[in-house]
Amino acid sequence: MPQSIDLRVKSSSPPARQNPGAATLEGTLLQQQQQQQQHQQQRCRNGNDNAISITPEDTTMAGLTFSDHPPLTWDFPIPTNDDTSLQDICQGTAPGTASGGSSLDGGSVQASTSPIQGFETPSDRMSFPDAVLSQKVSDPSEGLDGINISNLMQADLDQLYFDRVHAFAPVLHQRRYFSWARSMAKSEAQICLRYAMWTLAASVSAHYQNIGDSLYRYTRGALEGLDSKCIGLGMTEVEQVQAWLLLAIHEFMCVDFSRGWVSAGRAFRLIQLNWLQYLDKPDLSLAQTDWVDAEQRRRTFWLAYCVDRFVSVRNNSPTTFSEENMIRLPAPEIEFQNEQPSLTGYLSEAISARETIATSTFTECIIVSTIIGRALSHRQQSTLDNIYLSESRDFWDRHEWINNTLIQRMDIFSLNYPIVMQEADPMLLFISMMWRTTVLYMYQLIKSMIHPTDEKRSSVLADYTRQSTIAAKEIVNLTNKLSQLNSLKASCLYVIPITTIY
């Protein structure tokens, strides 16, 4: 019940009367005042709420009007692009058109459906649909179909990338990436790389798949625009090459194989245009260069090298890069991430080595891609020999050389990584499948070269038939193991060995 405001005036002794007229007038006024006070007290005793009081429902009092103000709304267009200027922020969305604000309506407070960007806390329990559907896109947003990538979502996509994608494309140094990602002065190539990472991360996440298409379209458009600006430039940033490679892997997985092949080709050409950046000098000194930057370029080349061979063997097309190059193999992952410079050997040394020294999974991937690339080149050369009716002696020498190297490296791989380790690591499982795929590829080639009536080669064909039968059974077992893994953590390139078999 609202409290009444007591307006009664305390009585006091009247001053001495100066004259009878004044006394009469004063007595009349005092009598009226006492009657008014008695009347007011009677109304209060009767429970009347109409005494002079202020309640939320009252809008007038003693001729004064208290009008309700219209609801207040705030809209803070906080852009996700760090390059947006303060002027751009001030020219953002008109008030009341985005969900990033609150309103006061008739004394009630309506909370925002999503926090103000840039102020998320670990306790934030904002749902993803609210974050996606209710927020306004800022600077890079025109290609994102109205989807806003908040700071919380950016951090989540970054973590998803390093958890599920980095193992198959280990080209980024995490601390250096997060350093420039938080910087206001990011280059266009770095921005494209971030969106390519998020595109791949969204494709391997059930939580973010509904924004994957928007991320992909924006990333591809941004990269094409960047390529058009780089005409005539002497050097290309390594982030631009990395972005194209990651986008190509996404297209192999989710879009179209042909489009992915074209995108990968753009990365290959950018590497060739800046070939001297990727070469290692014979007298390389670790103290004379920024080792981490050099290692990132080195890893970018070897990722392109692997993609080149894995995809070429699927199409039986010529490879782009030669295995005979002056680029050292990547350093172990731990040393790379901890910025501990190490001097690694060359590819030819690793393949010819007979010691059972465990190498990184990335190096093993490079070795298996090299062997299958040799098998591909062997097949193409044998086709030319048949066309020109050349002596087939070279074919058998090449075939035996490649097969011996294949069996040797498979044995070393099995010793360094037992089957239990392979089943627990998606990358090792992929490499193991590629070894068996190469065995089947070699069998198909030799089967096409031996005529059924050739009794001299029948024993050779029998040996390769036995090898291919074992390899086929092992691929079936590995495929069953693959089906038991989390599909979101499977290799981005698993489609290659499976489609190559058929």
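Residues numbered from 1 in each chain as written. Predicted model: local features only at pLDDT ≥ 70, side-chain atom pairs only at ≥ 80, totals over all residues. Heavy atoms only, no water.

Caption draft 1: Main features of the overall build of the chain. When helices and strands are tallied, the chain shows 19 helices and five strands. Within the chain, buried positions represent 43% of all 502 residues. The contacts in the chain between residues at least 6 apart in sequence include a share of 71% that link residues at least 24 apart. For the chain, the accessible area works out to roughly 27,500 Å², and carbon and sulfur atoms hold 54% of it. (Helix = DSSP H or I, 4+ residues; strand = E, 2+ residues; numbered from the N terminus. Buried < 20%, exposed > 50% of the residue type's maximum accessible area, 1.4 Å probe, protein only. Contact = heavy atoms within 4.5 Å. Areas by Shrake-Rupley, 256 points an atom, 1.4 Å probe, with all protein chains shown as cover.)

Caption draft 2: Up close: the packing of helix 7 (residues 212-229) against helix 9 (residues 257-273). Put simply, helix 7 and helix 9 touch, their axes get as near as 13 Å, and they point 35° apart. Our pair here, helix 7 against helix 9, has a crossing hand that is left-handed. Listed contacts from helix 9 to Tyr-216, Arg-220, Glu-224 and Asp-227 of helix 7 are Arg-259, Ser-263 and Arg-266. Within the contact of helix 7 with helix 9, the residues separate by chemical class into one nonpolar, one polar and five charged. (Axes fitted to C-alpha atoms, helices over the stretch in contact; angles between N-to-C directions. Left-handed = near helix turned anticlockwise from the far one by under 90°. Nonpolar A, V, L, I, M, F, W, Y, C, P; charged D, E, K, R; others polar.)

Caption draft 3: How the structure looks around helix 14 (residues 361-387). Its 27 residues give helix 14 an end-to-end C-alpha distance of 39 Å, which sits within 8% of 39 Å, the value for a rise of 1.5 Å per residue. Looking at the residues trailing helix 14, positive phi occurs at Leu-389, about 55°. (Expected span 1.5 Å × (residues − 1).)

Caption draft 4: Here's a closer look at helix 17 (residues 426-449). Given a rise of 1.5 Å per residue, 24 residues ought to cover 34 Å, and the 35 Å separating the end C-alpha atoms of helix 17 matches this to within 8%. In terms of burial, helix 17 is largely enclosed, as 20 of its 24 residues are buried. A distance of 2.9 Å separates the backbone nitrogen of Met-427 from a side-chain oxygen at the start of helix 17, and that oxygen is part of Asp-425. (Polar contact = N/O pair within 3.5 Å; in protein donor to acceptor, adjacent residues only side chain to side chain.)

Caption draft 5: A look at the confidence of the model for the chain. Looking at the chain, the pLDDT average stands at 75 and 65% of residues meet or exceed 70. A low-confidence stretch, residues 9-18 (pLDDT under 50), is modelled with five contacts involving residues beyond four sequence positions or located in other chains. Scored below 50 in pLDDT, residues 47-139 shows 131 contacts in the model against residues more than four places distant or in partner chains. (pLDDT = per-residue confidence, 0-100.)

Caption draft 6: Spatial organisation of the environment of Tyr-161. Note on placement: Tyr-161 falls in helix 4 (residues 151-164). Judged by relative accessible area, Tyr-161 falls into the buried class, the value being 0%. Filtering out sequence-adjacent residues up to four positions away, Tyr-161 remains in contact with His-166, Ala-169, Leu-172, Met-197, Ala-201 and Leu-246.

Caption draft 7: Seen up close, the state of the cysteines. In this structure the tally under the stated criterion is zero disulfides. Cys-365 supplies the cysteine sulfur nearest to Cys-306, a cysteine that is in no disulfide, at a spacing of 4.1 Å. Given a relative accessible area of 3%, Cys-306 falls into the buried group. (Disulfide = S-S within 2.5 Å.)

Caption draft 8: Inspection of the packing of aromatic side chains at higher detail. Considering all chains together, one arrives at 18 aromatic pairs under this definition. Consider the rings of Phe-252 and Phe-257, whose centres lie 5.1 Å apart with planes at 40°: the pair is tilted. The class of Phe-257 is buried, set by a relative accessible area of 18%. Counting every residue linked through ring pairs, the aromatic cluster contains Trp-261, Phe-268, Trp-275, Phe-301, Trp-302, Tyr-305 and Phe-321. The ring of Phe-257 carries the charged tip of Arg-314 above its face, separated from the ring centre by 3.9 Å. (Phe/Tyr/Trp six-rings, centres within 6.5 Å; stacked < 30°, edge-to-face > 60°. Lys NZ or Arg CZ within 6 Å of the ring centre and 35° of its normal.)

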